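An overview of the molecular structure
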Amino acid sequence: MNWNFLKTEIEPGDFLIDCRSQSAYEEETLEGAYYYPFIKKAFGSDPESQKKLYCPMAAVVQEFQKSKKTRIIVFDEGMGMFSTRMVYLLRGMGIKDAYVLGKKWPVEGKKAKGELKIEPPIADKAKPIEGVVDKAFMERNLTKLQIFDARTMDEYEGRLPRLTAPEEGTLCGRLPGAFLWDWRNLYDGEANLIERSIFKKRLNGFPFMPERPTVIYDYNGARSCLLALMLREAGYIDVTTYQGSWFEWRKSNLPKQAVAVFGAKQGIAAAAPRVGGIDRKKV
């Protein structure tokens, strides 16, 4: 796998972060690995929500700097949404030596029960995280952006509000003008990330330009981060993720497409799918 944000070996000077489930972490993890529950949460992009994301991220950075270690290695079951989210946000906080472990669990190394579980306090002030935009930005620039939807086809077409545990009465739909790139298609049949050459070939199937501002969203901002990391390495210049994603957008009075209420007996407001790459021939 020729992605620069992946590292396949762990070194003695690494600061380790485990993004698997809390129960898996507590049962067994790599010795010295930290666990930060906030990384699995959904966040809006209003000032209070920004504090709930920024302050824990600042605490992770502070802990890393205090450790005097040289780089951060983040792992989960295997290059998944939460490890890539953590790395993307760490880089946005200025930690350029933050990487995803390019291996599947279990990995080699001394193991121990996870005991470094930290839920950092929320401070009064938050700063913007580079590479993350809010709802106000999306509203101002909606017609100027190249938008990727990193959810599944069912979510994109308004059949599901979210992939996991959808609740009846929840609004389904998508942001206007968004093109679908199902997050699962970033992996091959063995659950490894696809090669960069394959990714770039599929990317050429979208009517996007590398120099134009590109925003990625999903349901809660987690799946977007992997695609963002890959796009940056593929030569896209201005790539950001929308922090609030559909979790926030669905509650607003802003324009939406393929709208439906999950569980209600009604038709979906039709809007033609906008897909590219590997999915174009399936539509």
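Residues numbered from 1 in each chain as written. Predicted model: local features only at pLDDT ≥ 70, side-chain atom pairs only at ≥ 80, totals over all residues. Heavy atoms only, no water.

Some points on helix α7 (residues 224–233)
In an α-helix there are 3.6 residues to a turn, and that puts residues three or four apart on one side. By the criterion of burial, α7 is predominantly enclosed, with 9 of the 10 residues buried. Those residues of α7 that fall on the buried side of the exposure criterion are Ser224, Cys225, Leu226, Leu227, Ala228, Leu229, Met230, Leu231 and Glu233. Those residues of α7 that are buried lie in contact with α3 (81–92), β10 (146–149), α6 (196–203), β13 (214–217), β14 (239–242) and α8 (245–249). (Buried < 20%, exposed > 50% of the residue type's maximum accessible area, 1.4 Å probe, protein only. Helix = DSSP H or I, 4+ residues; strand = E, 2+ residues; numbered from the N terminus. Contact = heavy atoms within 4.5 Å.)

Description of the sheet that holds β13
Taken in spatial order, the 5 strands of this open sheet run β9-β14-β13-β10-β12, and their pairing is parallel. Two strands in the sheet have a free side with no partner beyond their single neighbour: β9 (132–133) and β12 (179–180). (Pairing = 2+ DSSP bridges.)

Structural notes on the nonpolar core
Core analysis: the biggest nonpolar cluster contains 57 residues, and Ile17, Met86, Leu90 and Phe199 have the highest contact counts within it. Those elements that provide at least two residues to this core are β2 (14–18), α2 (47–67), β5 (71–75), α3, β6 (98–101), α6 and α7. Sequence-distant contacts of Met86, defined by excluding residues within four places in its chain, comprise Ile17, Cys19, Tyr36, Phe38, Ile39, Met57 and Val74. (Core = buried A, V, L, I, M, F, W, Y, C linked by side-chain atoms within 4.5 Å.)

Some points on the pairing of β13
Here β13 shows no split at all, with Thr214 and Ile216 on one side and Val215 and Tyr217 on the other all buried. Across 4 bridges, the pairing between β10 and β13 is parallel. If you follow Phe148 over to β13, its bridge partner there is Ile216. Pairing analysis gives 3 bridges linking β13 to β14, with the strands arranged parallel. Paired with Thr214 across the bridge in β14 is Val239. In this fold, β13 hands off to α7, which returns the chain to β14; that crossover is right-handed. (Right-handed = clockwise from strand over helix to strand, strands pointing away.)

Quick look at the packing of α6 against α7
Look at α6 against α7: their axes get within 11 Å of each other, and the N-to-C directions meet at 95°. When the interaxial angle is binned, α6 and α7 end up roughly perpendicular. Where α6 approaches α7, its residues Arg196, Phe199 and Leu203 are matched on the opposing element by Leu227, Met230, Leu231 and Glu233. In terms of residue class, the contact of α6 with α7 is made up of 5 nonpolar, no polar and 2 charged. (Axes fitted to C-alpha atoms, helices over the stretch in contact; angles between N-to-C directions. Parallel < 35°, antiparallel > 145°, perpendicular 65-115°, else oblique. Nonpolar A, V, L, I, M, F, W, Y, C, P; charged D, E, K, R; others polar.)

Describing α6
Burial in α6 covers these residues: Phe199, Arg202 and Leu203. All buried residues of α6 lie within an arc of 105° about the axis, which places them on one face of the element. Of the residues in α6, the exposed ones pointing more than 90 degrees away from the buried face are Ser197 and Lys201. Buried positions along α6 lie against β10 and α7. (Arc of directions from axis to C-beta.)

Let's talk about the side chain of Asn220
Mapped onto the secondary structure, Asn220 falls in the loop between β13 and α7. Among the polar contacts made by the side chain of Asn220, one reaches the main-chain amide nitrogen of Ala222 at a distance of 3.2 Å. (Polar contact = N/O pair within 3.5 Å; in protein donor to acceptor, adjacent residues only side chain to side chain.)

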